[in-house]
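Each chain, written out:
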Amino acid sequence: MTALATPLSRLKTLHARLRFTLGATTFVLAFAALNGVLYHLPLYSFAASDLAPLTLSGILTLLTLFVLVMLLTVLFMFLCALVSQRLLKPLAMVMVIGNSIALYFIQTYQVILDKAMMGNVFNTNTGEAGSYLDPAMLWHVLLFGVLPAWLISRVTVIHVSRLRTLAALLLSLFAGVGWLYLNAQTWLWIDQHGRRLGGMILPWSYTLNAARYQSEKAMQSRELTLLPAARFAPSAKKTVVVLVIGESARAANFSLYGYARDTNPLLAQSGAVALRNARACSTYTTASLQCMLAHVDTGSTLFHNYEALPSYLQRHDIDTIWRTRNWGEPPLKVNTYQRDSELVGGCTGAHCAFDEVLLTGLAERIKASASDKVFVVLHQSGSHGPDYFNHYPPDGEKFAPVCRSVQLQDCTPDSVTNAYDNTVLYTDRFLGATIALLRALPDAETLLVYASDHGESLGEFGLYLHGTPYALAPDVQKDVPYIVWMSDAFKSRKTLAADAALNRAKHAHQTLFHSIMGAFGMQSDIYDPRLDIFTDAAQHNR
């Protein structure tokens with residue numbers, strides 16, 4: 001007891017003695033310097049790697065970046081001080097905690113905290129978030145977050161007059177703008193890399209981009225604009241269309257697209273067709289799902305808050321089913337919405353912890369439908385990282401050894417690729433099982449369409465995961481698998497005209513809405529046949 005009491009008493013003594021006294025102005029400047037030095041090594045490292053750091057131009061550019069970071073922090077803190085100087089310490093403590101977490105992800109996964117990445121963060125569920133927890137992350141937050149926050153808590157901030165605070169603000173503004181003006185030549189490089197740099201300046205990258213994302217999300221939550229009424233071509237058979245939305249699947253690792261490893265044996269045997277030159281509209285799930293389910297390009301400024309494809313089909317008496325092991329879909333009105341947690345009770349076997357749970361009771365649900373048109377969406381967990389090893393069952397581990405850490409940069413490139421390829425192989429198994437389910441509906445015209453929301457980086461160019469700003473993202477985050485399987489009955493009515501449709505589309509996702517309308521023989525004022533990957537078989541055979 002005595003041995004334990006001695007270190008504790010010393011800590012208490014240190015806690016009591018370790019106090020600092022700073023005027024509000026000095027506190028702001030000291031904190032801004034701390035923020036500029038402690039949390040921006042990735043920013044300066046990127047600049048140094050792209051510049052000639054030992055030249056005068058390179059040194060001035062690095063100094064300009066530091067001045068820019070300092071200036072943003074100083075102006076914000078002085079503005080807060082004008083409101084109340086009591087805000088300074090709590091704000092600084094919150095910022096260092098937030099910065100420590102952001103810095104960890106920037107350093108570990110080479111992410112850029114732009115609006116797209118913040119959308120990714122807000123749409124990460126607790127299970128996915130838990131996969132990122134690691135002792136290294138906890139130590140990082142303790143060292144760069146908790147310790148600086150504790151030191152800030154030991155500072156006594158002496159209040160100064162508002163006039164003096166205002167003078168300090170104006171002087172800082174004058175000095176900062178003066179430096180930026182005198183070194184205007186450095187802005188050519190900064191402007192060229194503005195999006196990347198903006199995603200690494202803390203805390204403004206994650207705070208401002210989080211606000212931008214939430215603002216856009218609030219705009220999207222407005223009342224939906226209903227699409228015009230549709231009509232249907234007569235059909236003698238029941239039509240069942242299954243749309244499988246993949247997660248983080250990249251075309252480069254699908255053998256159907258020429259990958260050396262056989263990651264798609266079941267799809268190849270099924271006669272499924274891989275559509276070439278398929279590109280995602282975004283590098284993160286929320287934005288991708290929005291455009292996958294929209295009749296117009298959601299990147300257009302003309303985009304309004306129209307109802308999504310499942311809601312449109314459901315309103316026209318198509319029995320619509322949404323089953324998911326993921327998140328991020330837009331507001332939906334469907335006949336049946338089920339999460340994996342609701343399906344697992346009726347599922348038996350090891351596969352119930354993985355995507356195959358989405359098939360539980362699905363054949364029976366389709367057969368029991370009174371509608372002659374059924375639309376099913378299966379939203380996979382797929383190949384979501386960094387814990388690829390958790391996204392397939394033990395009997396699905398064909399490629400080894402695999403990376404079993406969320407610290408992907410600490411694994412060998414081969415082990416990361418092996419783990420990822422196993423997730424692709426499991427997606428092949430899942431799609432094979434879905435096709436088998438559709439084959440067992442002989443009295444129906446059946447169709448499966450598989451498209452991934454976006455791709456994935458596995459260490460190329462030092463990048464991991466996804467969510468890199470679209471303009472900067474490598475092709476592996478944008479080139480996605482787009483695969484179609486058609487029953488013989490469906491082929492007798494429709495055939496593929498995918499090349500023509502994809503050539504007209506800005507991205508492959510833009511064709512999904514119109515192609516599924518075409519599959520159901522659905523016509524309306526918003527239907528664009530140029531974006532329909534199918535065409536009437538009779539017309540094709542003339």
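This text gives an overview of the structure that appears in the document.

1. A few points about unusual backbone geometry
Leaving glycine out, the prevailing phi sign among residues is negative, and the prevailing peptide bond configuration is trans.
Item 1. Between L202 and the following residue, P203, the backbone shows a cis peptide bond with an omega angle of 0°.
Item 2. Mapped onto the secondary structure, P203 falls in the loop between α11 (194-198) and α12 (204-220).
Item 3. Residue P401 is reached from A400 by a cis peptide bond, and omega for that bond is -5°.
Item 4. Within the secondary structure layout, P401 lies in the loop between β8 (373-379) and α18 (413-439).

2. Quick look at the packing of helix α5 (residues 88-109) against helix α8 (residues 135-153)
For any two helices packed against each other, one specifies the inter-axial angle together with the distance between the axes.
Item 1. At a minimum axis distance of 9 Å, the contact between α5 and α8 shows a crossing angle of 160°. Taken together, α5 and α8 sit at an angle that is classed as roughly antiparallel. The interaxial crossing formed by α5 with α8 has right-handed handedness. Where α5 abuts α8, its residues K89, A92, M93, V96, I97, S100, I101, L103, Y104, F105 and Q107 lie against A136, M137, H140, V141, F144, G145, V146, P148, A149, I152 and S153.
Item 2. Classifying every residue of the contact of α5 with α8 by side-chain character gives 16 nonpolar, 5 polar and 1 charged.

3. Regarding the pattern of salt bridges
Item 1. All told, the structure shown has 16 salt bridges when counted by the stated rule.
Item 2. Residues D479 and R279 are paired through a salt bridge, measuring 2.9 Å at the closest nitrogen-oxygen approach. Of this pair, D479 sits in the loop between β11 (464-465) and β12 (482-486) while R279 sits in the loop between β5 (273-274) and α14 (285-292), and the two are 200 residues apart along the sequence.
Item 3. According to the relative accessible area criterion, D479 is partly exposed, its value standing at 27%.
Item 4. According to the relative accessible area criterion, R279 is partly exposed, its value standing at 24%.
Item 5. Put simply, K494 and D536 hold a salt bridge, and the shortest N to O gap is 2.9 Å. Here D536 lies in strand β15 (residues 534-536) and K494 lies in strand β13 (residues 494-496), a separation of 42 residues in the sequence.
Item 6. Overall, the relative accessible area of 37% leaves D536 in the partly exposed class.

4. Remarks on the packing of aromatic side chains
Item 1. On inspection of all chains with the given rule, the structure shows 9 aromatic pairs.
Item 2. Ring centres of Y104 and F105 lie 5.3 Å apart, and the angle between their planes is 90°; on these two criteria the pair is classed as edge-to-face.
Item 3. Classification of Y104 by relative accessible area gives buried; the value is 2%.
Item 4. One aromatic cluster is present, built from ring pairs that chain together Y104, F105 and Y109.
Item 5. We note K373 situated over the ring of F232; from NZ or CZ to the ring centre the distance is 4.9 Å.

5. Observations concerning helix α21 (residues 512-519)
Item 1. Counting buried positions along α21 yields 8 of 8 residues, so the element is predominantly enclosed.
Item 2. Where α21 is concerned, the buried positions are L512, F513, H514, S515, I516, M517, G518 and A519.

Procedures and definitions
Residues numbered from 1 in each chain as written. Predicted model: local features only at pLDDT ≥ 70, side-chain atom pairs only at ≥ 80, totals over all residues. Heavy atoms only, no water. Helix = DSSP H or I, 4+ residues; strand = E, 2+ residues; numbered from the N terminus. Axes fitted to C-alpha atoms, helices over the stretch in contact; angles between N-to-C directions. Parallel < 35°, antiparallel > 145°, perpendicular 65-115°, else oblique. Left-handed = near helix turned anticlockwise from the far one by under 90°. Contact = heavy atoms within 4.5 Å. Nonpolar A, V, L, I, M, F, W, Y, C, P; charged D, E, K, R; others polar. Salt bridge = Lys/Arg side-chain N within 4 Å of Asp/Glu carboxyl O. Buried < 20%, exposed > 50% of the residue type's maximum accessible area, 1.4 Å probe, protein only. Phe/Tyr/Trp six-rings, centres within 6.5 Å; stacked < 30°, edge-to-face > 60°. Lys NZ or Arg CZ within 6 Å of the ring centre and 35° of its normal.

That is the geometry; function is a separate question.
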